[in-house]
Amino acid sequence: MSSTYTSNDLVNAIAAASKNLSARKDEVNRLNVFPVPDGDTGTNMSLTLESVVASLAKLPIGASAAEIRKAITTGALMGARGNSGVITSQILRGLCEGSNGFDAVSAESIESALAKAQDVAFHAVRKPVEGTILTVLKDSAAAAKHARKKKMSADEALSHVVEQAYASVQRTPELLSVLKENGVVDSGGYGLAILIDGFVAALTGKEGPLVDELAFARDAAPKVEIEQINDWEGSEFTYCNEFLVDSDTLDKAEALDFLATMGDCELCVGETPKFKVHVHSNTPDKVLAYFLERGQISEVFIHNMKLQSEERTEKLEAEQHAEHKPLGFVAVAAGQGNAKILESLGVDVVVSGGQTMNPSTKDLLDAAAKVNADAVIFLPNNKNIIMAAQSACELSDIPAGVVPTKSVPQAFAAMFGVDGEASLEDNVEAMTEAFADVKTGEVTTAIKDSKDAEGNAIADGDVIGIADGAIHAVGHSVSDVVMGLLEHMEADDCDTCTLLAGEDLSDEDFQALQERIEQAYEDLEIDAHRGDQPLYPIVFSVE
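Here the structure is a predicted model, which is why all the values come from computation and not from measurement.

### Structural notes on a negative patch on the surface
A cluster of acidic residues, Asp419, Glu421, Glu425, Asp426, Glu429 and Glu433, forms a negative patch on the protein surface. Mapped onto the secondary structure, Asp419 falls in the loop between helix H19 (408-415) and helix H20 (424-434).

See below:
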């Protein structure tokens, strides 16, 4: 029995699966012990999926199935990072090729898609190893075949594949000794199970993931001693090399033979004229020279895996030895700069999110579970996230509270109100009082024609300034709008101004803005930082 899912349903399910994997990439990263500490498996797989979603987003409304398949395979190839990302790209390519020719989702089409994915992925890897992502893929394909033979409906077949994918992940330690020795499951296999789970849950309309049988892995992961990382002498190669090659003459078989002489974990995937290359080697110069003779290269990433591994080991050790404390903090923020500031102020876990990406209650609960404390306080930093934070409090296994911050600058002020000796309730009250006088301004670009708070016209592309949920400044430059917003917010009566530069604002423009504010408000103390938030070139507060 088939299901009448539209192309739009499938695309949305892919986007949901990507978001699910991105939210849980740290769980996958902590399990990474095989074959070598090559970056972070969860991060690499999630980046690959994010590239797919970006590629799909460029399609016109009503795109054909063929256009969607091409966008998936191209996006995956272009965005593939690391060994696991490249393999994931080949799995996605196989799924697209295997589903070609089917008009509906059925047990037959699911079997065909997974069978082709298995074939393509296994051919991409010269020396497949049992107990890895390839094993989970193979077992998922076998589950789809079983579902077709049992004449299951499409939804039943999809659920069966999810269940068997997780079951396969749980068996990986029995197939790979290094996993069993370290007490973990395979990271790439787990990432694939999460990916399938998120896709099926979204497609079938289920609330949340269908299966979550690996809580033991998440609990164990931070405590694991990872021998390959702590004992680098056993690893022969230092550099992870990956890049794209444009060539009409490249012979993949010959290229793989060459890569095998340069190192290990060699991959050369794709079809003329675009290829993705990955290899671990001690001589990146020779690797690049070979392919430069045969075409053009781009998107070159060369990672020093030894340094990467040392950083990861330090992070794991810090998690293992994190001091238990009476009160912990979870905050929501977009931008690495903002996250670093919050962490420096005492926030234990920063959940990525904000105006354009609101984390769910589950995301906040998962973050709270990482905090080694008797109680936790949530700082949502956005009015649209406050309700999710309140729900997280109700569902939390430990006492929890919400300080209803609506912006990152308010969270900065709130953290200065923390009293380590006070109770949860007293801290919530004190922190709420600490940001009461903080007024936040946000500058962004209008994406459609509208009107400001006074009814004046706003055109698509205008720079706009927002305060108290309303547009109070409009202009053609970030600097002019910031100045207009400061005047509206009566900065003359304030003592301090905290400026956070967005990812698209240059250092030169940021410095010029600071100088302009200093000239206009001589008594205003300016505290400027790079927040690196997307879409908002400036977020600021005055108090």
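### Points about the packing of aromatic side chains
Aromatic ring pairs: the centre-centre distance and the angle between the two ring planes describe each pair. This structure, assessed with the given rule, holds four aromatic pairs. Centroid distance Phe258 to Phe291: 6.4 Å. Interplanar angle 75°. Geometry classified as edge-to-face. On the criterion of sequence distance, the pair formed by Phe258 in helix H13 (residues 252-262) and Phe291 in helix H14 (residues 284-292) is long-range, its members being 33 residues apart. Considering the side-chain rings of Tyr290 and Phe291, the 5.0 Å spacing of their centres and the 75° angle between planes classify their relative orientation as edge-to-face. Across this residue pair, the class does not change: Tyr290 and Phe291 are buried. These aromatic residues form a ring-pair network of at least three members: Phe243, Phe258, Tyr290 and Phe291. Sitting above the plane of the Phe301 ring, Arg81 keeps its charged end 3.8 Å from the centroid. The ring centre of Tyr290 lies 3.6 Å from the NZ or CZ of Arg294, which sits over that ring.

### Thoughts on helix H1 (residues 7-23)
Three- or four-residue spacings in an α-helix give side chains the same orientation, since the helix completes a turn every 3.6 residues. With 17 residues, H1 ought to run about 24 Å at 1.5 Å a step, and its terminal C-alpha atoms sit 25 Å apart, in line with that. Residues Ala13, Ile14, Ala17, Ser18, Asn20, Leu21 and Ser22 constitute the buried set of H1. Contacts made by the buried residues of H1 are with helix H2 (25-30), helix H3 (41-57), helix H4 (65-79) and helix H10 (187-204).

### Regarding H10
The end-to-end C-alpha separation of H10 is 26 Å, in line with the 26 Å expected for 18 residues at 1.5 Å each. Of all the 18 residues making up H10, 16 are buried; the element is thus mostly covered by neighbouring parts of the structure. Its side-chain oxygen placed 3.2 Å from the backbone nitrogen of Gly188, Asp186 serves as the N-cap of H10. Downstream of H10 by one or two residues, Gly205 has phi in the positive range, about 80°.

### Quick look at the pairing of strand S2 (residues 263-271)
With seven of nine residues buried, S2 lies mostly within the body of the structure. When S2 meets strand S3 (residues 274-281), the two strands line up antiparallel, connected through seven bridges. Looking across to S3, one finds that Leu267 is bridged to His278. Joining the antiparallel neighbours S2 and S3 is a turn of two residues.

### Thoughts on the pattern of salt bridges
The final tally for this structure, using the stated rule, is 20 salt bridges. Ionic pairing is found between Arg126 and Glu266, a salt bridge with its closest N-O pair at 3.7 Å. Taken as a pair, Arg126 in the loop between helix H6 (107-124) and helix H7 (133-149) and Glu266 in strand S2 lie far apart in primary sequence, 140 residues in all. The class for Glu266 is buried, based on a relative accessible area of 11%. A salt bridge links Arg294 to Glu293; its shortest N-O distance comes to 3.3 Å.

Reading the values: rules and limits
- Residues numbered from 1 in each chain as written.
- Predicted model: local features only at pLDDT ≥ 70, side-chain atom pairs only at ≥ 80, totals over all residues.
- Heavy atoms only, no water.
- Patch = residues over 30% accessible without salt bridge, like charges linked within 9 Å, V, L, I, M, F, W, Y side chains within 5 Å.
- Areas by Shrake-Rupley, 256 points an atom, 1.4 Å probe, with all protein chains shown as cover.
- Salt bridge = Lys/Arg side-chain N within 4 Å of Asp/Glu carboxyl O.
- Lys, Arg positive; Asp, Glu negative; His and termini not counted.
- Charge placed at Lys NZ, Arg CZ, Asp CG, Glu CD.
- Helix = DSSP H or I, 4+ residues; strand = E, 2+ residues; numbered from the N terminus.
- Phe/Tyr/Trp six-rings, centres within 6.5 Å; stacked < 30°, edge-to-face > 60°.
- Buried < 20%, exposed > 50% of the residue type's maximum accessible area, 1.4 Å probe, protein only.
- Lys NZ or Arg CZ within 6 Å of the ring centre and 35° of its normal.
- Expected span 1.5 Å × (residues − 1).
- Contact = heavy atoms within 4.5 Å.
- Polar contact = N/O pair within 3.5 Å; in protein donor to acceptor, adjacent residues only side chain to side chain.
- Pairing = 2+ DSSP bridges.

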